[in-house]
Amino acid sequence: MVGAGFAGVECVRRLERKLSPDEADVTLVTPFAYQLYLPLLPQVASGVLTPQSIAVSLRRSKKYRTRIIPGGAIGVDLKAKVCVIRTITDRIVDEPYDYIVLAPGSITRTFDIPGLTDNAFGMKTLAEAAYIRDHVISQLDLADASQDPAERASRLQFVVVGGGYAGTETAACLQRLTHAAVKRYPRLDPGLIKWHLIDIAPKLMPELGDKLGRSAQEILRKRGIEVSLGVSIDKAGPEEVTFTDGRVVPTRTLIWTAGVVASPLIATLGAETVRGRLAVTADMNLPGQDGVFALGDAAAVPDEAKGEDGAVCPPTAQHAMRQGKHVADNVIATLRGQATKPYVHKDLGLVVDLGGKDAVSKPLGIELRGVPAQAVARGYHWQALRTGVAKTRVMTNWVLNALAGDDFVRTGFQARKPAKLKDFEYTDSYLTPEQVRAHVDGTERQEQ
């Protein structure tokens, strides 16, 4: 099993429950022995939740018998049935398999924009969320201490690129953080704090529909967040960002959340892809390969519920969790010589938590705003957390934050050396298909 996201963990847990110990050995490849609840990352960045509360340990269960290899898969040789792994100590090891389930997830989608990867922050990992919180608070500290009006202005402007769920929630949650924090800085003019949310698309969160999308945009506007649609980044520097409409915004904070692409691991297979995602059948099997399954963000799983030719499931946690359970059943069926079944799931709706009492939600097609939408959004996230410990931690954090607010403390994660988008996702670690083949061939020759 490759990947410990929603899809990977659900698959592993089901395999453990349904397979006897003498029937199969289960191995999980993941850099971290926890499942990250990604939808709540913006609340970690804003300090509403602690990092630990959304990192659900994989080792808490006493029944857990899966062997964990701490590292990341950097290549798969389908012919030799070998997964090439780079451990967290940078040692490269080969792991043979009989059946492999690929759920490596996705990475932040970037474009060839000058300065982007050197100067932007992402919002894809727990480390990034914790780092961004420290960074944002440090901008207030440094602006408060500065005697230079230009420096102060640049430190108090923040730019978020991406009008999807991640970008909208990130801008909303962090704006609430700075709005509350500035009251503790009597030397700072609150009017200097400016948040920009931009997206090249003509609508904000188009999946919500026109009415809810406009409602979300109006909530952000009333908060003082400037939303610019049909706009992206032309170039990014360490102290300013140039928009495609010609505006130059002085800022030290550029957060890039403009979508995701499948993990680079998929490219190492040399198999057919659909917009970068591995092309699989409806039962999530890789065509022409015995015992290879793929799911989640990295796989183009046909969306049978839509009934449209060529439709694939969107890369959401809702689908990933259900695909994980379903692919586990298909792996077991294959192992036992039984027939596999196609994956079918009708989307249950969408929730967007904008912080405080603000939210928009669309459960089962019903449009909600305000407190009812917030109750649905947080209720959905709370019940989706896998363990009682995680649920208790998250609920305690929510209640404590609602009653006591935030303390605006920097934790010290931010080192003196800046760490930007390119430093968190290790996208340069993967091998090419040719390198995978050469590595496996070389290893086989050494063993002979």
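See the structure shown above.
Residues numbered from 1 in each chain as written. Predicted model: local features only at pLDDT ≥ 70, side-chain atom pairs only at ≥ 80, totals over all residues. Heavy atoms only, no water.

A. Structural detail: helix α9 (residues 370-384). The end-to-end C-alpha distance of α9, which contains 15 residues, comes to 21 Å, matching closely the 21 Å that a straight helix rising 1.5 Å per residue would cover. If you check which residues of α9 are buried, you get A373, Q374, A377, R378, H381 and A384. Relative to the axis of α9, the buried residues are bounded by an arc of 130° and lie together on one face. Turned more than 90 degrees off the buried face of α9, the exposed positions are V371 and A375. Turning to α9, the residues buried within the fold contact α2 (41-45), α8 (317-335), β21 (349-353), β22 (359-363), β23 (368-369) and α10 (388-404). (Helix = DSSP H or I, 4+ residues; strand = E, 2+ residues; numbered from the N terminus. Expected span 1.5 Å × (residues − 1). Buried < 20%, exposed > 50% of the residue type's maximum accessible area, 1.4 Å probe, protein only. Arc of directions from axis to C-beta. Contact = heavy atoms within 4.5 Å.)

B. Representation of the sheet that holds strand β14 (residues 248-250) in the model. What the three strands build is an open sheet, ordered β12-β13-β14; its pairing is antiparallel. The open sheet has two edge strands with one neighbour each: β12 (233-236) and β14. Neighbour-to-neighbour, the strand axes of the sheet open up by a mean angle of 20°, direction not taken into account. The sheet contact formed by β12 and strand β13 (residues 240-243) spans three bridges and is antiparallel. (Pairing = 2+ DSSP bridges. Axes fitted to C-alpha atoms, helices over the stretch in contact; angles between N-to-C directions.)

C. Looking closely at the nonpolar core. Judged by nonpolar contacts, the single largest core of 110 residues is most densely connected at I54, V76 and L102. For this core, the leading source of residues is helix α4 (residues 126-145), giving eight residues. What V76 contacts, discounting residues up to four positions off in sequence, is V82, C83, Y97, I100, L102, L265, T268, L269 and V436. Among the nonpolar cores identified, the runner-up in size contains 16 residues, and V159, V231, I233 and L254 belong to it. (Core = buried A, V, L, I, M, F, W, Y, C linked by side-chain atoms within 4.5 Å.)

D. A look at a nonpolar patch on the surface. A cluster of nonpolar residues, W382, M395, V399 and L403, forms a patch on the protein surface that exposes about 390 Å² of accessible area. The biggest single contributor to the nonpolar patch is α10, with three residues. Among the structural elements, L403 can be located in helix α10. Relative accessible area serves as the criterion here: at 74%, L403 is assigned to the exposed category. (Patch = residues over 30% accessible without salt bridge, like charges linked within 9 Å, V, L, I, M, F, W, Y side chains within 5 Å. Areas by Shrake-Rupley, 256 points an atom, 1.4 Å probe, with all protein chains shown as cover. Salt bridge = Lys/Arg side-chain N within 4 Å of Asp/Glu carboxyl O.)

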